[in-house]
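Observations on the three-dimensional arrangement
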Amino acid sequence: MNRRRAVYPGSFDPITNGHLDILRRALGLVDEVVVAIAYNHEKPSGLFSVDERIEMIREVTAAFGEQIRIDSFHGLLVDYARRAGANVIIRGLRAVADFEYEFQMASMNRHLAGDVETVFLMADEQYFYTSSRLVKEVMGFGGDASAFVPSIVADRLREKFKS
Ligand code: ADP
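Residues numbered from 1 in each chain as written. Predicted model: local features only at pLDDT ≥ 70, side-chain atom pairs only at ≥ 80, totals over all residues. Heavy atoms only, no water.

Evaluated as defined, the whole model comprises 14 salt bridges. A salt bridge links glutamate 32 to arginine 69; its shortest N-O distance comes to 3.8 Å. Linking glutamate 32 in strand E2 (residues 32–38) with arginine 69 in strand E3 (residues 68–73), this pair joins segments that are 37 residues apart in sequence. For glutamate 32, a relative accessible area of 6% gives the class buried. With relative accessibility at 33%, the residue arginine 69 sits in the partly exposed group. The partner of arginine 133 in a salt bridge is glutamate 137, with the nearest N and O atoms 3.0 Å apart. (Salt bridge = Lys/Arg side-chain N within 4 Å of Asp/Glu carboxyl O. Helix = DSSP H or I, 4+ residues; strand = E, 2+ residues; numbered from the N terminus. Buried < 20%, exposed > 50% of the residue type's maximum accessible area, 1.4 Å probe, protein only.)

Given below as structure tokens:
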């Protein structure tokens, strides 16, 4: 039987409880999700390196076992999805603010690859305001945003900001 595989792309810098909630929901719809970190090696950006991000994702998704794969890619997402054997792209929607950008991306991806479907999922309402950017901002100024990330991620953030 053909396994249904989806790609969940993003920066995951670092992975948050919001990402994990979306991942859990996606696994209710497909057999396997590839968490794929988008990067640009000509313009590296972010707080954590791609390897550090992968390591954290691996630790916090270990319980999902074979249902999760972790990878990184650069270039067009639809090309990557095809290479990975996935015909579904998972994206999460928080507030209305996410919609405009996501709508543009999904429309462009549909233009580029009509056979790849983008599926939007809504996280639980407790995660509506969780974003990697906000967590980094708060923890960077010494605030406690540990409720929004898995504990090993909170530890890595504290370490990062200490140095
Ligand atoms: P961000 O957009 O916060 O920088 P990513 O690029 O890593 O984070 O996000 C990857 C995907 O996960 C995007 O579709 C984003 O909308 C979604 N996502 C991130 N955080 C949440 C959340 N708290 N609730 C729902 N979706 C989320």
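Text resumes after the structure shown.
Residues in contact with the ligand amount to 19 residues; listed here are only the nearest, Tyr8, Phe12, Gly92, Tyr127 and Thr130. One of the side-chain N or O atoms of histidine 19 is found 3.0 Å from an oxygen atom in the ligand. Here an oxygen atom of the ligand sits 3.1 Å away from a polar atom, N or O, in the side chain of arginine 91. In the complex, the protein chains occlude 88% of the 530 Å² of accessible area that the ligand would expose alone. A majority-of-atoms criterion places the ligand in the largest pocket. Broken down by secondary-structure element, the contributors of at least two residues to the shell around the ligand are strand E1 (5–10), helix H1 (17–26), strand E4 (88–93) and helix H4 (96–112). For the shell around the ligand, the residue count by class is 7 nonpolar, 8 polar and 4 charged. (Near = heavy atom within 4 Å. Polar contact = N/O pair within 3.5 Å; in protein donor to acceptor, adjacent residues only side chain to side chain. Areas by Shrake-Rupley, 256 points an atom, 1.4 Å probe, with all protein chains shown as cover. 1 Å grid on protein atoms, 1.4 Å probe; cavity = no way out; pocket = protein on both sides within 12 Å on 5 of 7 lines; lining within 4 Å. Sits in = over half its atoms within 2 Å of the grid points. Nonpolar A, V, L, I, M, F, W, Y, C, P; charged D, E, K, R; others polar.)

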